Structure formats: structure tokens, C-alpha cells
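Below, each chain spelled out in residue letters.
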Amino acid sequence: MAAFSIDFVHELCKREGFAASGIAPINSSKFEQEYLDWIDEGKHGEMAWLSNNVQLRMNPLGLLEGAQSLICVLDRYSDSGSCKRSARDGWIARYAIGRDYHKQIKKRLHRICDSLSEVSGETFRACVDTAPLLEREIAASAGLGAIGKNTLLLEQGIGSWFFIGVIVTTAKLTPSEPNNLNPCQSCTKCIDACPTNAITPFSVDATQCISYLTIEHRSEIGENHHEHIGNWLFGCDICQEVCPHNQPTHKSKTAVPNRYLSDRTSFDILEVLNWTEEDRRHALTGSAMKRAKLYMFKRNALIIAGNILRVEDDEKLKQSVIALCEDENTIVQATAKKVLERIR
């Protein structure tokens, strides 16, 4: 067994401000066939990396020689309250509102790794989002929640507004009690609320998901999705906002507070349409939204502008759409022209 106690691990995680922590054994995924079917059906869209390193993703032993355990943490990025947004702005998913979570979580995981290394001869590797891990399954195995019908990790009474971090280690640690509950039972609110019908029970077709379309999809967005995108500029929170587990409760109000607070919940659409590359970099300083290129922001903003212009007149906004019909980027050009056709 390890030269340190499980309580010491939890104390380090708590000291770093993580909302919860647990220990998972290194096992093969229970969902390997479902994952392979999902890839074969092309439901990962343009996210080609999800079809790479599949065997490593199914069993993380290859991430660290001699690995025996997984330390998993949750980091809260929002609370159960409503998010104030203007109907004329481009909305940002809550996870992207604050500072870049990759950096914020990884530096704290590294400190935990360093502290554990000092008291043992074990090896540790910190992973945040980019390593080929099935983090939600690991978190459920570590007793930190259960996977819901929208495929997100739900902690009953607190919700799903969490990032997940993992430390792979050679230390042999006693696993936490796994959470094998079905947190949804007969509820279908997320399925019913999804405007693109992307969700079926415990599965999401990324090619139909607004988060995927606005963040990961690099090509044109089909006109059949324009109206459904509504005001979502980067990501989408609909399936989480309707979830009963994300409604305010005594437990959620007394949980570890959100570390990613920001006054920025949206962007002015007219501003985004007129952004230069320098404007984009300045607006997204320190943000996880940097992964979306300038042309993608303009593509998304054009779709939102079209949805706004279908219900109200705004000559300045319309002129910006017209101007982008001559943009140097062909995807922005094509989107602007299709938006004009829709509003005429």
C-alpha cells in the first residue's frame, strides 16, 4: 500500500479548493462497445482525436508505467443560480465564462503530485481534459457522482457544473465506493429540451449538439441548425439548466463555491462581427475560448444575427452581415449569404 493515507490525499485536494475527491481503480471501461459503436456511426463528427488511442482510452494503464490507481477531483465552475444574458448578445456556456480551466486545474494537480511525491517513492501524472481518459466514468467509479442521460456527471443535490481532473499514480490506493445509481430515473427533461434532438438516453450525437457545432465543428454549420442555435455563440447549457439536479438546493448552496466567477456571460454580436484577429485575442485573454478561431466566432455570430434579424429590424446589424458576404474566409462568406437569404 501507499506510504501516505487516503485522508492525506483528500486533505491535499481540499486544500487546493477542489469540491470533491475520490479514488478509482484502473479498470477497463464498461462502455467500450458503446464507444466503438458511437465512433463507427460518426457521432464524434470532426473530433478525429476521439478515434485515436482508443485502447488507451479504454484502459489508462498505458498512461503511466506501473500505474495502479486514479485520484479524481471535481472543480466547481458554476452554481445553481440563473445566468443573466441579453436576448441581443451571443451567449457563452458557463464552463468557458471564467479563466482557462486547463491551466487552473493542472497547476493545482501538480502541487498535489509534488506533495505526494515528497512522502513516497511513487510516480504521479496530472491529466486535465487532453489525455485520452474517460473522465466521467472514472469520476463515477471514484464515487463522485453518476452519469446522467445527457452523459454528464451528476452529483445528486449539487448538479453537474464541474470540471474533472485526474492524477494517474503508481501508488496502490484503496478505491472509493463507486456510484452505480441511475440519477435520472424516468426524467427526460434534458432530452425534451435539446433543440436539435442530439440526446438519447445516455448518449449524445455530437454532430447535432450545439456545443459541438459552435466549438469543435470547423466547417459550415447546416442551415437546419441555424434557428436552433438561437443565441449560443460558444457552447450550450440547455441540457444542464433544465436538469432537476441543477436546481438550487440546500446542498448546492452550501457546496464548495465556484472558482471561475466572471462578469462576462456573453458578447455583443455586432462587436464580434467586426472583430479583427487582435480583437479576438484581446477579448479571450486567459480564456478557454481561444480554441475557436476568428472565422468560427464570426460564423456563429452571423447565425445569431440572423436569428435576431428574423424577429426585429436592426439596420446596423444587417449591414454588418452584408459586409461579411465579402469576407476573406469562405466559410464566413457562405454563412453571411445564407443568413441574408433567411431574413429576406
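One can find the structure itself at the top, above this paragraph.
About the thresholds
Residues numbered from 1 in each chain as written. Predicted model: local features only at pLDDT ≥ 70, side-chain atom pairs only at ≥ 80, totals over all residues. Heavy atoms only, no water. Helix = DSSP H or I, 4+ residues; strand = E, 2+ residues; numbered from the N terminus. Rg over C-alpha atoms; globule rule 2.2 N^0.38 Å. Buried < 20%, exposed > 50% of the residue type's maximum accessible area, 1.4 Å probe, protein only. Contact = heavy atoms within 4.5 Å. Areas by Shrake-Rupley, 256 points an atom, 1.4 Å probe, with all protein chains shown as cover. Pairing = 2+ DSSP bridges. Axes fitted to C-alpha atoms, helices over the stretch in contact; angles between N-to-C directions. Expected span 1.5 Å × (residues − 1). Polar contact = N/O pair within 3.5 Å; in protein donor to acceptor, adjacent residues only side chain to side chain.

## A word on the overall build of the chain
Step number 1: On a plain count of helices and strands, the chain comes out with 15 helices and 11 strands.
Step number 2: A compact globule built from 344 residues should have a C-alpha radius of gyration of about 20 Å, and the chain, at 21 Å, falls within 12% of that.
Step number 3: In terms of principal-axis extent, the alpha carbons of the chain reach across some 70 × 40 × 40 Å.
Step number 4: Within the chain, the fraction of its 344 residues that count as buried is 53%.
Step number 5: Put simply, 77% of the contacts in the chain that link residues at least 6 apart link residues at least 24 apart.
Step number 6: Accessible surface, the chain: about 16000 Å² in total, of which carbon and sulfur atoms supply 49%.

## Looking at the sheet that holds strand β10 (residues 232-234)
Step number 1: Spatially, the three strands line up as an open sheet ordered β10-β3-β11, and their pairing is mixed. Only two strands of the sheet have a single partner each, and these edge strands are β10 and β11 (266-268). Across this sheet, the average inter-strand angle for adjacent strands is 40 degrees, counted without regard to direction.
Step number 2: In this structure, strand β3 (residues 89-92) lies alongside β11, joined through three bridges in antiparallel fashion. Of the residues in β11, the one forming a bridge with G90 is F267.
Step number 3: Its contacts with the sheet put helix α13 (residues 294-309) on β3 and β10, and the angle it makes with β10 is roughly 175 degrees.

## Structural notes on helix α15 (residues 330-343)
Step number 1: Between its first and last C-alpha, α15 extends 20 Å over 14 residues, near the 20 Å set by a 1.5 Å rise per residue.
Step number 2: When we look at burial in α15, the residues that qualify are I331, V332, A334, T335, A336, V339, L340 and R342.
Step number 3: On the buried face of α15, the contacting elements are α8 (226-229), α13 and α14 (315-323).
Step number 4: Its side-chain oxygen at 2.9 Å from the backbone nitrogen of I331, N329 defines the N-terminal cap of α15.

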